[in-house]
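What follows is the residue order along each chain.
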Amino acid sequence: MPESSWLLLLLLTVAAIAAFAWPHHRLRKAVDAPFPAAWREIVLRNLPVYQRMPTSLQRQLEQRIQQFLHQKHFTGCNGLEITDEIRVTIAADACLLILNRNTGVYPGLRYILVYPDGFRVTAESSDAAGLVSTRWRGLSGESWSNGKVILSWADVMRGNRDFTDGANVALHEFAHQLDYEDGATNGASLLSSAARYQRWAEVLGGEFAALQQAAVQGEETLLNYYGATNPAEFFAVATEHFFEQPQQLAEQHPALFAELQRYYRINPAEWRPTAQPPS
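Parameters at a glance
- Along every chain, residues carry numbers that run from 1 in the direction the sequence is written.
- Reporting in this predicted model follows two pLDDT cut-offs: at least 70 for local features of residues, and 80 or more for side-chain atom pairs to be given and counted; totals over whole chains, interfaces and linings ignore these cut-offs and use all residues.
- The side-chain numbers reported here are obtained from all heavy atoms of the structure, hydrogens and water having been left aside.
- Here a strand is any run of E in DSSP of at least two residues, a helix any run of H or I of at least four, and the numbering for each starts at the N terminus.
- Only protein chains enter the accessibility calculation, which uses a 1.4 Å probe; a residue whose area is less than 20% of its type maximum is buried, one above 50% is exposed, and one in between is partly exposed.
- All accessible areas in this document rest on Shrake-Rupley with a 1.4 Å probe, and a residue is counted as covered only by the protein chains that are shown.
- One fewer than the residue count of a helix, multiplied by 1.5 Å, yields its expected span.
- Polar contacts, as counted here, are pairs of nitrogen or oxygen atoms within 3.5 Å of one another; within protein the pair requires one atom able to donate a hydrogen and one able to accept it, and residues that are adjacent in sequence qualify only if both atoms are side-chain atoms.
- Only buried Ala, Val, Leu, Ile, Met, Phe, Trp, Tyr and Cys residues count toward a nonpolar core, and they belong to the same one when joined by side-chain atoms within 4.5 Å.
- Any two residues whose heavy atoms approach within 4.5 Å at even a single point are treated as in contact.
- Working definition: rings of Phe, Tyr and Trp (its six-membered ring) pair if their centres are within 6.5 Å, and the pair is stacked with planes under 30 degrees apart, edge-to-face with planes over 60 apart, and tilted otherwise.
- In this scheme, strands are said to pair when DSSP sees at least two bridges between them.
- Throughout this description, the term salt bridge denotes a Lys or Arg side-chain nitrogen within 4 Å of a carboxyl oxygen of Asp or Glu.
- Residue-level confidence of the predictor is what pLDDT reports, using numbers from 0 through 100.
- Here the term right-handed applies to a crossover when the path leading from its first strand over the helix to its second strand runs clockwise, the strands being oriented away from the viewer.
- Relevant arc is that of directions from the helix axis to the C-beta atoms, nothing else.
- Buriedness of a pocket was judged along seven lines, with at least five required to meet protein on both sides within 12 Å; pockets are open sets of points on a 1 Å grid over the protein atoms alone, cavities are sets where a 1.4 Å probe fits but cannot get out, and lining residues have an atom within 4 Å of a point.
- Grid points are joined across faces, edges and corners, and a volume is the space filled by probe spheres set on the points.
- Here the nonpolar group is Ala, Val, Leu, Ile, Met, Phe, Trp, Tyr, Cys and Pro; Asp, Glu, Lys and Arg are the charged ones; every other residue, Gly included, is treated as polar.

1. Topic: the overall build of the protein
So, step 1. When you go through the protein residue by residue, the secondary structure sums to 10 helices and six strands.
So, step 2. Scored against the burial criterion, the 279 residues of the protein give a buried share of 46%.
So, step 3. For the protein, the computed accessible surface area is about 14400 Å², with 54% contributed by carbon and sulfur atoms.

2. Observations concerning helix 8 (residues 231-244)
So, step 1. The terminal C-alpha atoms of helix 8 lie 20 Å apart, and with 14 residues this matches the ideal 20 Å at 1.5 Å per residue to within 8%.
So, step 2. Burial within helix 8 is extensive, with 13 of its 14 residues counted as buried.
So, step 3. Capping of helix 8 at its N-terminal end is provided by N230; its side-chain oxygen lies 3.1 Å from the backbone amide nitrogen of A232.

3. Considerations on the nonpolar core
So, step 1. Of all hydrophobic cores here, the largest spans 69 residues; its most connected members are F68, I90, Y106, F174 and Y264.
So, step 2. Examining the composition of this core, we find that eight residues originate from one element, helix 4 (residues 84-96), more than from any other.
So, step 3. With sequence-adjacent residues up to four places away left out, Y106 is seen in contact with F68, K72, A94, L97, I98, F174, Q177 and L178.

4. Remarks on the packing of aromatic side chains
So, step 1. Taken as a whole and assessed by the stated rule, the structure comprises 15 aromatic pairs.
So, step 2. Centroid distance F235 to Y263: 5.8 Å. Interplanar angle 85 degrees. Geometry classified as edge-to-face. Here the residue F235 occupies a position in helix 8, and Y263 occupies one in helix 10 (residues 254-264), the gap between them amounting to 28 residues. For the pair formed by F235 and Y263, the shared burial category is buried.

5. Notes on the pairing of strand 5 (residues 141-144)
So, step 1. Alignment of strand 5 against strand 6 (residues 148-152), held across four bridges, turns out to be antiparallel. Residue pairing across strands places G141 opposite L151, the latter belonging to strand 6.

6. Observations regarding the environment of V114
So, step 1. Assignment of secondary structure puts V114 in strand 2 (residues 111-115).
So, step 2. Once you skip the residues sitting within four places of it in the chain, V114 turns out to touch F74, T75, G76, C77, L80, I82, I86, I90, L151 and W153.

7. Quick notes on unusual backbone geometry
Residues other than glycine predominantly adopt negative phi, and peptide bonds predominantly adopt the trans conformation.
So, step 1. Phi angles above zero are rare outside glycine, and N100 is one such case at about 65 degrees.
So, step 2. Phi is positive for Y106, which is not a glycine, with a value near 50 degrees.
So, step 3. A relative accessible area of 2% means that Y106 is categorised as buried.

8. Let's talk about the pattern of salt bridges
So, step 1. Overall, the coordinates contain seven salt bridges when judged by the stated rule.
So, step 2. Note that R40 is salt-bridged to E62, the shortest N-O span being 2.9 Å. Of the two residues, R40 sits in helix 2 (residues 37-46) while E62 sits in helix 3 (residues 55-71), which places them 22 residues apart along the sequence. Accessibility assignment for this pair places R40 and E62 in one class, buried.
So, step 3. We note a salt bridge from E259 to R199, for which the minimum N-O separation is 3.7 Å. Pair noted here: E259 is in helix 10 and R199 is in helix 7 (residues 194-217), with a separation of 60 residues, a long-range link.
So, step 4. Given the relative accessible area of 1%, E259 is considered buried.
So, step 5. Given the relative accessible area of 40%, R199 is considered partly exposed.
So, step 6. Taken together, the shared-partner salt bridges in this structure form one network comprising R199, E202, E259 and R262.

9. With respect to the confidence of the model for the protein
So, step 1. Put simply, the protein has an average pLDDT of 86, and 78% of its residues get 70 or more.
So, step 2. Highest mean pLDDT in the protein belongs to helix 4 (98); lowest belongs to strand 4 (residues 132-139) (54).

10. Brief notes about the pairing of strand 1 (residues 73-76)
So, step 1. With four bridges joining them, strand 1 and strand 2 adopt parallel strand pairing. Along strand 2, the bridge assignment pairs G76 with V114.
So, step 2. Each parallel crossover has a hand, and the one from strand 1 via helix 4 to strand 2 is left-handed.

11. Considerations on helix 10
So, step 1. Among all positions of helix 10, only L256, F257, E259, L260, Y263 and Y264 are buried. Projected down its long axis, helix 10 shows its buried positions confined to an angular sector of 160 degrees, all on one face.
So, step 2. Contacts from the buried residues of helix 10 go to helix 6 (169-179), helix 7, helix 8 and helix 9 (246-252).

12. A word on the layout of surface pockets
So, step 1. Estimated volume of the largest pocket: approximately 540 Å³.
So, step 2. Lining the largest pocket are 26 residues, with S140, V169, H172, E173 and Y226 sitting closest to its centre.
So, step 3. Looking at the lining of the largest pocket, the elements with two or more residues in it are strand 4, strand 5, helix 5 (153-161), helix 6 and helix 8.
So, step 4. Class assignment for the residues of the lining of the largest pocket results in seven nonpolar, 11 polar and eight charged.

What follows is the structure, encoded as structure tokens:
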């Protein structure tokens, strides 16, 4: 082979290595950078549970936030201007679900679309005769399998301000993203073994059926009736209660709490208002 060809091959090899390594270098640099004080103030202000977390989890959350913001693209809708307040708050909600987990920072998620308030979408339905009709639906959030999450900023803040009522649209929609990690939104995300899937199906399937029955009969229950819609919605609703009402969930639904604790690898019921934010 002529010397010029060897040189060209060498240059192409170096360029390929650089193209592969450069994004990883930029990501590592973003994650290793000191967490901005202004961002920490946002998390302290808009995610009250942060103050109750152990220092080790606070720092881990901050690193996940940095990676999330480095990799995801935010778009404001209906005239909303995307600010650090919006980006950091939504990233903090999303990353709360992936502490101590090695599944990556939502690798299939690319875009976060944020409306100033609730938004409307069209939905098609058909009657018994097969006649298709279109109607408008008002929503506070949606999670799509094509790498998008859509949120109402007003509803995100409403869910975060009261982190004890079991209702949080951001946690709900990002739980759907976790659910889709195995390629299907069916209420069962990636688990470590066949035995885990079997136990998950037994516990969450039983709890889902019980919630459906309670919804039909109008019985009082800790879990939101919306979780009775289908298994995917049940997992998302259960996630909201796991993080916002961990003590109540552990007392009233111990098997469900244990499965979610095993999945999320944390126990929010242990978090107490004694941890100080890292300096």
